[in-house]
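Results of the structural survey
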Amino acid sequence: MNQWGLADAFEHTHSPDHASKMRFFQSIDVLSVPTTYREPKGLYVLEALANGVPVVQPRHGSFPELIEATGGGLLVNPDDPEDLARGLRPLLENPAHRAELGRKGKEAVQEKFNADKMARETVAVYQKYVT
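We now examine the environment of A108. Counting through the fold element by element, A108 comes out in helix α5 (residues 95-112). Taking the relative accessible area as the measure of exposure, A108 reaches 8% and is therefore buried. Between the C-alpha atom of A108 and that of P16, which follows or precedes it by 92 residues, the distance is 25 Å. If we skip the residues at most four places from it in the chain, A108 touches A69, T70 and F113.

Pasting the structure below:
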């Protein structure tokens, strides 16, 4: 980070508690975790979206499914810093677009990924296969 002059713009937090996590999401405009690992769950994507923060994620793992289900972000080519920059730039430069994706993501998470709905769907699976 120092060699690029970004040390003052970077903060690493190992494992934040809930309150710290909420403060973090409220302090950012967009979330991107350009992991090379094919993340099977992407919980942090749903947490960001639940807070109205749009995401820019690589096109692999659970991210395509989450972005399709929520409309709350953009997908970029994995391991491609230039494509990542192309995905981030329009959100950073256009607050209205960023807000629209954040709104869509938040609404979708509240509608599709809430505890009551997930509990009902889990019970339905159990009833289908356990009875």
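Take the pattern of salt bridges next. On inspection of all chains with the given rule, the structure shows six salt bridges. Between R86 and D83 there is a salt bridge; the shortest N-O distance is 3.4 Å. Of the two residues, R86 and D83 are both situated in helix α4 (residues 81-93); the distance of three residues between them amounts to about one turn of the helix. For E121, the salt bridge goes to K117, with nearest N and O atoms at 3.7 Å.

Among the nonpolar cores identified, the biggest contains 13 residues, and F25, L31, V45, A48, L49, V53 and V55 are the most heavily contacted of them. By residue number, the principal contributor to this core is helix α2 (residues 43-50), which donates four residues. Beyond its immediate chain neighbours, meaning those up to four positions away, F25 contacts L31, Y44, E47, A48, N51 and V53. Within the second largest apolar cluster, seven residues are counted, among which are V30, V76, L88 and L101.

Right, let's talk about a nonpolar patch on the surface for a bit. Among the surface-exposed residues, V125, Y126, Y129 and V130 lie close enough to one another that they form a single nonpolar patch of about 490 Å² accessible area. Checked against the element boundaries, Y126 lands in helix α6 (residues 115-130). A residue is classified by how much of its surface remains accessible, and Y126, at 54% relative accessible area, is exposed.

Turning our attention to the packing of aromatic side chains. Within the structure shown, the criterion is met by two aromatic pairs. Taking 5.5 Å as the distance between ring centres and 55° as the angle between the ring planes, the aromatic pair formed by F24 and F25 counts as tilted. Classification of F24 by relative accessible area gives partly exposed; the value is 40%.

Our focus in this paragraph is helix α3 (residues 63-70). An α-helix turns once per 3.6 residues; consequently, residues spaced three or four apart project the same way. Buried within α3 we find F63, L66, I67 and T70. Along the long axis of α3, the arc covered by the buried residues comes to 95°, so they all point the same way. Across from the buried face of α3, at angles greater than 90 degrees, the exposed residues are E65 and E68. Contact partners of the buried residues in α3: α2, β1 (55-58), β2 (73-76) and α5. Of the residues one or two after α3, G71 is the one with positive phi, at around 70°.

Remark: a regular strand shows side chains that alternate across the two faces of the sheet. Sheet analysis places β1 next to β2, joined by four bridges and oriented parallel. Note on β2: the bridge partner recorded for V55 is G73. Between the parallel elements β1 and β2, the chain passes through α3 in a crossover that is right-handed.

Basis of the calculations
Residues numbered from 1 in each chain as written. Predicted model: local features only at pLDDT ≥ 70, side-chain atom pairs only at ≥ 80, totals over all residues. Heavy atoms only, no water. Helix = DSSP H or I, 4+ residues; strand = E, 2+ residues; numbered from the N terminus. Buried < 20%, exposed > 50% of the residue type's maximum accessible area, 1.4 Å probe, protein only. Contact = heavy atoms within 4.5 Å. Salt bridge = Lys/Arg side-chain N within 4 Å of Asp/Glu carboxyl O. Core = buried A, V, L, I, M, F, W, Y, C linked by side-chain atoms within 4.5 Å. Patch = residues over 30% accessible without salt bridge, like charges linked within 9 Å, V, L, I, M, F, W, Y side chains within 5 Å. Areas by Shrake-Rupley, 256 points an atom, 1.4 Å probe, with all protein chains shown as cover. Phe/Tyr/Trp six-rings, centres within 6.5 Å; stacked < 30°, edge-to-face > 60°. Arc of directions from axis to C-beta. Pairing = 2+ DSSP bridges. Right-handed = clockwise from strand over helix to strand, strands pointing away.

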